[in-house]
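Fold and contact review
Okay, here's what each chain looks like letter by letter:
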Amino acid sequence: QVQLVESGGGLVQAGGSLRLSCAASGRTFSSYDMGWFRQAPGKEREFVAGITKNGGYTYYRDSVKGRFTISRDNAKNTVYLQMNSLKPEDTAVYYCAAGLYLSGTMTVTVWGQGTHVTVSS
C-alpha cells in the first residue's frame, strides 16, 4: 500500500493560483487511480478531481472545471492539482487519495493527511 504526503497549500488571494503536490511512497503508485478531495469547515468531504492509472482520463466536479487541472507523473510517484482562478469557496483542506475510479465514483483505499488552502476575498 502507498503512503501519501501532500504539499503546496497556503493562503492566496481570490483569482490567484496554487499547485498542490502529492508524493507517494512505494512501488505500486501506478496501479492506483488518484484523486483530490476537499473538506471545508462544517461540510462533508467532496470529490474534486480524479485521474486514471496511466493519466489517460481525468474527472472534475462541475465547480472546478476549467479552473483546476489534475495530472500525474508515474516516474516520480507524484500527482498534482493545479488550481487557477481561485475563489473564496475553494477554501478547504485538500486531501490526496489513492484508489479506484469506477462508474463515476472513486473508492478510496489510502488518504493523505491533507493540506490547507485558504482563498481570501
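See the structure above.
A quick note: this is a predicted structure, and the numbers were derived from the prediction, not measured. (Residues numbered from 1 in each chain as written. Predicted model: local features only at pLDDT ≥ 70, side-chain atom pairs only at ≥ 80, totals over all residues. Heavy atoms only, no water.)

Quick word on the pairing of strand β9 (residues 92-102)
The line we're drawing: Exposure classes here rest on a 1.4 Å probe applied to the protein chains alone. A residue is buried below 20% of its type maximum, exposed above 50%, and partly exposed in between. Helix and strand definitions here come from DSSP, where helices need a minimum of 4 consecutive H or I residues and strands a minimum of 2 consecutive E residues; each element is numbered from the N-terminal end. At least two bridges found by DSSP between two strands are what make those strands a pair.
Burial of β9 is extensive: nine of the eleven residues sit out of reach of the surface. Here strand β4 (residues 33-39) runs beside β9; their pairing, made up of seven bridges, is antiparallel. Across the sheet, residue R38 finds its bridge partner in β9, namely Y94. Pairing geometry for β9 and strand β11 (residues 115-120), over three bridges, is antiparallel. Note on β11: the bridge partner recorded for V93 is H116. Inspection of the sheet shows β9 paired to strand β10 (residues 105-111) by six bridges, in the antiparallel sense. Bridge assignment links A97 to a residue of β10, and that residue is W111. Turn length for the β9-β10 hairpin, with the two strands adjacent in sequence and antiparallel, is two residues, and the turn residue S103 shows positive phi of about 55 degrees.

Some words on the pattern of salt bridges
For clarity, the cut-off: Should a side-chain nitrogen of Lys or Arg be within 4 Å of a carboxyl oxygen of Asp or Glu, the pair is scored as a salt bridge.
On inspection of all chains with the given rule, the structure shows six salt bridges. Put simply, R38 and E46 hold a salt bridge, and the shortest N to O gap is 2.7 Å. Classification of R38 by relative accessible area gives buried; the value is 6%. Judged by its relative accessible area of 26%, E46 is partly exposed. Residues R61 and E46 are paired through a salt bridge, measuring 3.5 Å at the closest nitrogen-oxygen approach. Highlighted residues: R61 in the loop between β6 (58-60) and β7 (68-73) and E46 in strand β5 (residues 46-51), separated in sequence by 15 residues.

Examining the packing of aromatic side chains
The cut-off we apply is this: When the centres of two rings from Phe, Tyr and Trp lie within 6.5 Å, Trp using its six-membered ring, the rings pair. Their planes under 30 degrees apart give stacked, over 60 give edge-to-face, and anything left gives tilted.
In this structure the tally under the stated criterion is five aromatic pairs. Plain terms: the ring middles of F37 and W111 are 4.9 Å apart, the flat faces sit at 70 degrees to each other, and that makes the pair edge-to-face. With a gap of 74 residues between them, F37 in strand β4 and W111 in strand β10 connect regions that are remote in the sequence. The partly exposed category is assigned to W111, whose relative accessible area is 37%. Ring geometry for Y59 and Y101: centres 4.0 Å apart, planes at 20 degrees, overall stacked. With Y59 in strand β6 and Y101 in strand β9, this residue pair connects regions lying 42 residues apart in the sequence. By relative accessible area, Y59 is classed as partly exposed at 28%. Judged by its relative accessible area of 16%, Y101 falls in the buried class. Here a set of aromatic residues connected by ring pairs shows up, and it is made of F37, F47, Y59, Y95, Y101 and W111.

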